[in-house]
Amino acid sequence: GTKGMVKAADYLEQFFKENDVKPYFSSYRDTLSNFKEPAFNIVGFVEGNDPVLRNEFIIISGHYDHIGIDKKGVNGDFINNGANDDASGTTAVAEMAKYFSSAKNNKRSILFVFFAGEEKGLLGSKHLAKKLKAQNFNLYAQFNIEMIGVPMKRDYLAYITGYSKSNMASKINEYTGKNTIGFLSKEAEYQLFSRSDNYSFYSVFKVPCQSVSTFDFENFEFYHHVSDEFKVMDLPHMTSFIQELLPAVTQMANTPTHEIHMN
């Protein structure tokens with residue numbers, strides 16, 4: 001409901017328009033039914049090119065809201081910009097949307113979603129999951145991107161939440177031919193699977209819905225802090241993340257059967 005949120009939504013909507021990503025609903029703006037102020041997810045899609053598989057969907061998502069104004073502030077700075085959490089993930093979603101809208105090489109349809117209200121209790125994803133379920137939305141898997149602005153010092157690029165709940169990690173590694181996704185014990189300890197927008201869709205659809213991240217509780221000291229700003233983002237890392245995961249997402253969109261499944 002803030003001016004900043006509206007400005008961000010305007011930008012993301014224009015990005016979809018400029019890159020020929022179509023609105024999934026009558027408008028890009030999906031107004032939240034569970035929040036008192038006007039707020040909306042931004043939803044676009046690229047239709048699949050297979051006459052059968054186009055009826056199945058992959059969701060690629062990230063949240064574009066953050067925690068807003070800090071009344072106490074730090075050194076005169078009161079604005080929580082949320083560059084890592086989750087402008088970094090939003091950027092990855094946008095770049096993948098741009099790629100698929102141009103390449104048109106996806107057999108399944110792909111829904112690209114920028115969620116609002118994540119920081120208020122996953123409100124945007126809860127709203128959209130319920131709405132799509134009521135429309136008999138055929139969801140194969142959700143790939144949610146959360147905090148990928150800085151790299152980890154590990155022998156894998158990223159981790160997914162709910163690692164053992166599905167075979168998504170092993171299939172991604174198979175698709176990339178690398179040790180792309182690893183297991184992070186802190187993820188299980190802090191129950192991150194239920195703390196981001198993937199959980200809303202898993203709760204409703206009971207299919208593989210997981211978040212991917214490179215924030216490991218050791219590599220970034222500005223979580224929910226006013227210093228979470230663009231200048232501390234590692235752009236080469238973000239670029240390599242997108243480039244390494246894109247072939248895996250492409251495979252997810254093109255396999256003739258449901259290779260990714262719950263364990």
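Above: the structure in question.
Residues numbered from 1 in each chain as written. Predicted model: local features only at pLDDT ≥ 70, side-chain atom pairs only at ≥ 80, totals over all residues. Heavy atoms only, no water.

Chemist: Would you mind going over a nonpolar patch on the surface in detail, with residue names and values included?
Modeler: A cluster of nonpolar side chains, Ile 69, Phe 78 and Ile 79, forms an exposed patch at the surface whose accessible area comes to about 290 Å². Tracing the sequence through the fold places Ile 69 in strand β5 (residues 68–74). (Patch = residues over 30% accessible without salt bridge, like charges linked within 9 Å, V, L, I, M, F, W, Y side chains within 5 Å. Areas by Shrake-Rupley, 256 points an atom, 1.4 Å probe, with all protein chains shown as cover. Salt bridge = Lys/Arg side-chain N within 4 Å of Asp/Glu carboxyl O. Helix = DSSP H or I, 4+ residues; strand = E, 2+ residues; numbered from the N terminus.)

Chemist: Talk me through the nonpolar core; I want residue IDs and the actual numbers.
Modeler: The biggest cluster of nonpolar side chains holds 56 residues, and the ones touching the most others in it are Phe 112 and Ile 145. No other element matches the nine residues that helix α7 (residues 235–254) contributes to this core. Contact partners of Ile 145, with chain neighbours within four places excluded, come to Ile 60, Ser 61, Gly 62, Asp 86, Gly 89, Ala 92, Val 93, Met 96, Val 212 and Phe 241. Counting 19 residues, the second-largest nonpolar core is a separate cluster that includes Phe 25, Ile 59, Leu 132 and Leu 139. (Core = buried A, V, L, I, M, F, W, Y, C linked by side-chain atoms within 4.5 Å. Buried < 20%, exposed > 50% of the residue type's maximum accessible area, 1.4 Å probe, protein only. Contact = heavy atoms within 4.5 Å.)

Chemist: Describe in detail the packing of helix α2 (residues 83–103) against α7, supporting the description with residues and values.
Modeler: It is the contact of α2 with α7, at a shortest axis distance of 10 Å, that shows an interaxial angle of 50 degrees. Judged by the inter-axis angle, α2 sits oblique to α7. As for how α2 packs across α7, the hand of that crossing is right-handed. On the side of α2, the interface is formed by Ser 88, Thr 91, Ala 92, Glu 95, Met 96, Tyr 99 and Phe 100, while α7 contributes Met 238, Ile 242, Leu 245, Leu 246, Val 249 and Thr 250. The class makeup of the residues in the contact of α2 with α7 is nine nonpolar, three polar and one charged. (Axes fitted to C-alpha atoms, helices over the stretch in contact; angles between N-to-C directions. Parallel < 35°, antiparallel > 145°, perpendicular 65-115°, else oblique. Left-handed = near helix turned anticlockwise from the far one by under 90°. Nonpolar A, V, L, I, M, F, W, Y, C, P; charged D, E, K, R; others polar.)

Chemist: An account of the pairing of strand β6 (residues 77–80) is needed here, citing residue identities and associated values.
Modeler: Examined bridge by bridge, β5 and β6 share three bridges and lie antiparallel to one another. Across the sheet, the residue bridging to Val 74 is Asp 77, located in β6. Between β5 and β6, which pair antiparallel in sequence order, lie two residues; one of them, Asn 75, sits at a positive phi of approximately 50 degrees. (Pairing = 2+ DSSP bridges.)

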